[in-house]
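Descriptive analysis of the structure
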Amino acid sequence: MTIFTKSFEIFCGTGGVGKTTLATSRALALAAQEHRVLLITIDPARRLKDLLGLSNDSIGEVTAVDMNGIKLHALLMSPEKTIQRMSKKYQTPDLASNRIVKILSKPYGGMNEILSLVEVQMQFETSQYDVIVLDTPPGAHFLDFLEGISKIRSFFDQSFVEMFSYLGTKTAHASKRMLGIRIINKVISGGVKKLLSYLQKVTDAKFIDDFIEAVQIIYQSKEAFLKGLNLQDRLKSNSECNWFLVTSVEQGKAAEAVEMKSHATHFIHQDHFLVLNKCLEQEMMNWFPEASNLMALKNSLETREKELKKNLKSQFPVVLEFPEIMSKDPIEHVNNLTKKWASYAK
Amino acid sequence: MNQKPRRLYIFTGKGGVGKTTLSKAFVRHLQSQNYQALYLTFKNQALSEVHEEKNSDIEINGIREVLLDLEESAKGYIERRLNSKMIAGWIVKTPFFRALVNMIPGFNYLIYLGKVLEMGKENPELIIVLDAPASGHALTMVESTSNFQHIFESGVIFEDTHKMLARLNDPTYTKIHVISLPSQMSWQEAIELKTGLKERSPVEVDITVNNCLFPLVEQNLSDLPNGLKEKSLNEKQLIEDHKSEMQCILPHSLNSDSLNIEMDLVGSLSKLI
């Protein structure tokens with residue numbers, strides 16, 4: 001089994017499966033082969049920080065990492081920093097200047113997924129890296145991340161075009177605060193107008209004002225957001241992107257991995273990898289317990305793993321198995337996995 | 001049973017820690033104590049263009065399972081607020097509304113939690129056990145309600161959000177269980193999550209450690225292969241170091257299918273009430 005290196009390598013998984021550790025070890029294995037690697041994590045638990053010895057100051061900034069002589073760059077996503085980079089690069093207003101957008105881009109506000117797409121795109125455009133390894137948020141987060149792409153598209157969809165083009169032409173010289181209700185009354189789109197009037201019934205005029213401003217400010221940043229669409233095409237192409245769907249024996253969640261795959265069919269191509277982490281098979285094979293409770297334990301662990309593998313192999317084109325590594329030292333842990341990745345390298 | 005149960009139990013934690021199994025087992029436990037309980041989870045995170053789904057409410061293997069659909073839950077709320085089924089049906093279908101819900105973080109949770117609390121209001125005897133999304137999302141979920149309070153400064157939605165938040169943050173109404181595995185990394189994440197939740201909400205947050213090997217092999221440590229031995233010793237150390245912060249320690253089940261694992265757990269969950 002040979003895994004060819006691609007420009008983007010994306011790790012998805014349900015969390016707690018060792019996804020961050022696997023992504024990090026993959027990045028290290030690639031860096032050891034002289035690829036210029038950027039590792040991005042959007043996992044809010046920020047485990048990577050500890051693993052790579054990054055400090056709190058490095059959150060949101062691309063940071064050079066040297067792990068036992070292997071050099072790579074790492075970025076822990078921070079919505080705030082990405083927004084700053086965005087307005088600098090695209091010369092757009094600071095998204096966080098609007099009350100609504102500001103609240104929504106708090107670390108757990110949930111804009112992480114969309115912003116991470118923008119971030120990956122911006123980093124890709126620097127042409128400083130051969131490979132960007134992306135550790136996506138776990139579980140349902142992963143689907144959100146992918147949905148993020150369609151969210152961008154639907155946000156700028158037809159129903160907005162009218163409103164946006166109106167705002168775009170009429171407000172170039174007007175002060176933003178002057179807008180608000182007057183605009184709504186003038187927007188021709190019956191649907192949007194009607195909807196906003198319902199919205200006003202259940203909220204208040206100030207909200208409508210701020211909302212219009214938020215829409216406008218996001219619209220002004222649309223170039224950055226829409227670039228995410230280009231990224232989608234790259235991520236869909238099997239010559240540009242490797243997808244690793246990670247699960248673990250410990251979890252025994254074959255059904256969830258399969259579900260993940262079925263959800264993701266719109267986003268990922270067929271040449272993806274299922275990574276099964278924390279396999280106990282090797283260890284169980286050489287263990288012959290005598291006590292009855294241990295025999296029952298061995299039997300339960302083996303049965304669960306066997307069933308899981310059978311199930312996964314019938315559903316996924318390639319299953320990569322990684323052994324359970326028992327080490328208190330995260331660095332040693334990662335190094336062991338890095339060796340395993342190196343054995344797949346070409 | 002001397003302690004009166006809460007009305008809403010939220011089970012959260014990283015994926016794969018056994019949230020689903022534990023929340024279902026907890027519903028069984030409540031039922032065994034003659035309480036009326038149901039298992040509830042959210043079907044989808046975004047409004048989908050493709051699927052036309054409904055909330056589902058069925059009995060499976062002796063427990064009531066409710067799966068909420070985002071679109072139907074949203075429709076229900078708008079219908080109650082604008083007193084029109086037709087307008088509600090139209091609104092949720094508009095691309096504008098769909099974009100709004102999908103784009104604004106936490107909007108989906110607001111809709112879901114609204115529905116959950118509505119269900120609780122309709123039946124004062126009902127205890128809802130919510131199988132919540134993985135860690136980061138649990139924070140989004142708790143935070144979204146307060147975010148929306150800041151977004152809407154007055155009006156009907158503001159008042160509704162305010163009521164929701166009051167209930168959700170009422171320690172006599174809601175309790176949160178963070179589920180962890182007995183590994184150092186999982187434990188750290190559970191602690192981070194608990195801290196994050198405590199910063200955002202005054203309700204009780206407890207950590208349960210699931211799937212522990214150590215209690216099973218305590219007497220036979222020397223007969224274990226190296227990896228398992230190391231794992232069991234790590235567990236032992238973790239449990240010794242943090243026992244006081246662990247509300248409940250649950251052993252690994254020797255069964256291999258989820259229904260039997262669930263049944264194994266039922267008897268050990270009285271501490272979670």
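Keep in mind that this is a model prediction, so the values were computed, not measured.

1. Examining the overall build of chain A
- Tallying secondary structure elements over chain A gives 15 helices and 8 strands in all.
- Across the 346 residues that make up chain A, the buried fraction comes to 44%.
- A sequence separation of at least 24 residues applies to 77% of the contacts in chain A between residues at least 6 apart.

2. What to know about the overall build of chain B
- Along its length, chain B carries 11 helices and 8 strands.
- Taking the principal axes of the C-alpha coordinates as reference, chain B spans close to 70 × 40 × 35 Å.
- Taken over 273 residues, chain B has a buried fraction of 48%.
- For chain B, contacts bridging at least 24 residues in sequence account for 70% of all contacts bridging at least 6.

3. Digging into the environment of F152 of chain B
- As for its position among the elements, F152 of chain B is in the loop between helix 6 (135-151) and helix 7 (156-168).
- What makes F152 of chain B buried here is the crowd of 24 C-beta atoms within 10 Å.

4. Quick word on the domain arrangement of chain A
Residues and elements named next belong to chain A.
- Splitting chain A by domain gives domain 1 (8-154 + 235-342) and domain 2 (158-222).
- Each partner contributes to the interface: domain 1 provides 9 residues, whereas domain 2 provides 8 residues.
- Where the side of domain 1 that touches domain 2 is concerned, the elements lending two or more residues are helix 3 (79-90) and helix 4 (99-104).
- A class-by-class count of the residues in the side of domain 1 that touches domain 2 yields 6 nonpolar, 2 polar and 1 charged.

5. Overview of the sheet that holds strand 8 (residues 318-323) of chain A
Residue and element names in this part refer to chain A.
- Within the open sheet, the 8 strands sit side by side as 3-4-2-5-1-6-7-8. Their pairing is mixed. Each of the sheet's edge strands pairs with one partner strand only, and the pair in question is strand 3 (63-67) and strand 8. Mean inter-strand twist for the sheet, computed between neighbouring axes without regard to direction, equals 25°.
- Two elements, strand 1 (residues 8-13) and strand 5 (residues 131-135), share 4 bridges in a ladder whose sense is parallel. Considered in strand 5, the bridge of F11 is made with D135.

6. Some remarks on helix 3 (residues 85-93) of chain B
Residue and element names in this part refer to chain B.
- Taken as a whole, helix 3 has its buried residues at A88, I91 and V92. Along the long axis of helix 3, the arc covered by the buried residues comes to 90°, so they all point the same way. Among the exposed residues of helix 3, those oriented more than 90 degrees off its buried face are M86 and K93.

7. Some details on the pairing of strand 2 (residues 37-41) of chain A
Residues and elements named next belong to chain A.
- Within strand 2, 5 of the 5 residues are buried, which leaves it mostly tucked inside the rest of the structure.
- Residue alternation in strand 2 divides its side chains into two sets, V37, L39 and T41 and L38 and I40, and both sets are buried.
- Here 4 bridges tie strand 2 to strand 4 (residues 70-76), and the two strands are oriented parallel to one another. By the bridge assignment, I40 is partnered in strand 4 with L75.

8. Looking at unusual backbone geometry
- Positive phi outside glycine occurs at E34 of chain A, with the angle close to 70°.
- Mapped onto the elements, E34 of chain A comes out in the loop between helix 1 (19-32) and strand 2.
- Positive phi is not limited to glycine here, since N83 of chain B has a value of about 55°.

9. So, the packing of helix 2 (residues 70-82) of chain B against helix 3 of chain B
Residues and elements named next belong to chain B.
- Close contact between helix 2 and helix 3 brings their axes to 8 Å; oriented N to C, the two are set at 135°. Put simply, helix 2 runs oblique to helix 3. The interaxial crossing formed by helix 2 with helix 3 has right-handed handedness. In this structure, helix 2 uses E71, A74, K75, I78, E79 and L82 to contact helix 3, whose residues at the interface are K85, I87, A88, G89, I91 and V92.
- Partitioned by chemical class, the residues of the contact of helix 2 with helix 3 number 7 nonpolar, 1 polar and 4 charged.

10. Some points on the sheet that holds strand 4 (residues 63-68) of chain B
Residues and elements named next belong to chain B.
- If you trace the 8 strands from one edge of the open sheet to the other, you get 3-4-2-5-1-6-7-8, paired in mixed fashion. The open sheet is flanked by strand 3 (56-60) and strand 8 (246-251), the only strands paired with a single partner. The sheet shows a mean angle of 25° between the axes of neighbouring strands, taken without regard to direction.
- Here strand 1 (residues 8-12) pairs with strand 6 (residues 174-180) via 5 bridges, running parallel. Bridging from a neighbouring strand, L8 pairs with T174 of strand 6.

11. A look at helix 1 of chain A
Residue and element names in this part refer to chain A.
- Between the first and last C-alpha of helix 1 there are 20 Å, a value that for 14 residues agrees with the 20 Å anticipated at 1.5 Å per step.
- Among the 14 residues of helix 1, 14 are classified as buried, and the element is accordingly described as predominantly covered.
- With its phi angle positive at about 70°, E34 sits one or two positions after the end of helix 1.

12. Thoughts on the packing of helix 1 (residues 19-32) of chain B against helix 11 (residues 258-266) of chain B
Residues and elements named next belong to chain B.
- Packing of helix 1 against helix 11 brings their axes to within 8 Å, and their N-to-C directions diverge by 50°. Looking at the two axes, helix 1 sits oblique to helix 11. Note on packing geometry: the crossing formed by helix 1 with helix 11 is right-handed. Touching T21, L22, K24, A25, R28, H29 and S32 of helix 1 are S258, I261, E262, L265 and V266, all from helix 11.
- Partitioning the contact of helix 1 with helix 11 into residue classes produces 5 nonpolar, 4 polar and 3 charged.

13. Some details on the nonpolar core
- V129 and L130 of chain B are the most contacted members of the largest nonpolar core, which has 148 residues in total.
- The residues contacting L130 of chain B, other than those within four sequence positions of it, are L8, Y9, I10, F11, L40 and V116 of chain B.

14. Quick look at the confidence of the model for chain A
- Counting all residues, the mean pLDDT for chain A is 78, and 75% of those residues have values of 70 or more.
- The model gives residues 164-189 of chain A a pLDDT under 50, and that stretch makes 29 contacts with residues more than four places away or in other chains.

So, how was this worked out
- Residues numbered from 1 in each chain as written.
- Chains lettered and ligands numbered in written order.
- Predicted model: local features only at pLDDT ≥ 70, side-chain atom pairs only at ≥ 80, totals over all residues.
- Helix = DSSP H or I, 4+ residues; strand = E, 2+ residues; numbered from the N terminus.
- Buried ≥ 20, exposed ≤ 12 C-beta atoms within 10 Å, placed from the backbone.
- Contact = placed C-beta atoms within 7 Å.
- Domains from an automatic or database assignment.
- Nonpolar A, V, L, I, M, F, W, Y, C, P; charged D, E, K, R; others polar.
- Pairing = 2+ DSSP bridges.
- Axes fitted to C-alpha atoms, helices over the stretch in contact; angles between N-to-C directions.
- Arc of directions from axis to C-beta.
- Parallel < 35°, antiparallel > 145°, perpendicular 65-115°, else oblique.
- Left-handed = near helix turned anticlockwise from the far one by under 90°.
- Expected span 1.5 Å × (residues − 1).
- Core = buried A, V, L, I, M, F, W, Y, C linked by C-beta atoms within 7 Å.
- pLDDT = per-residue confidence, 0-100.

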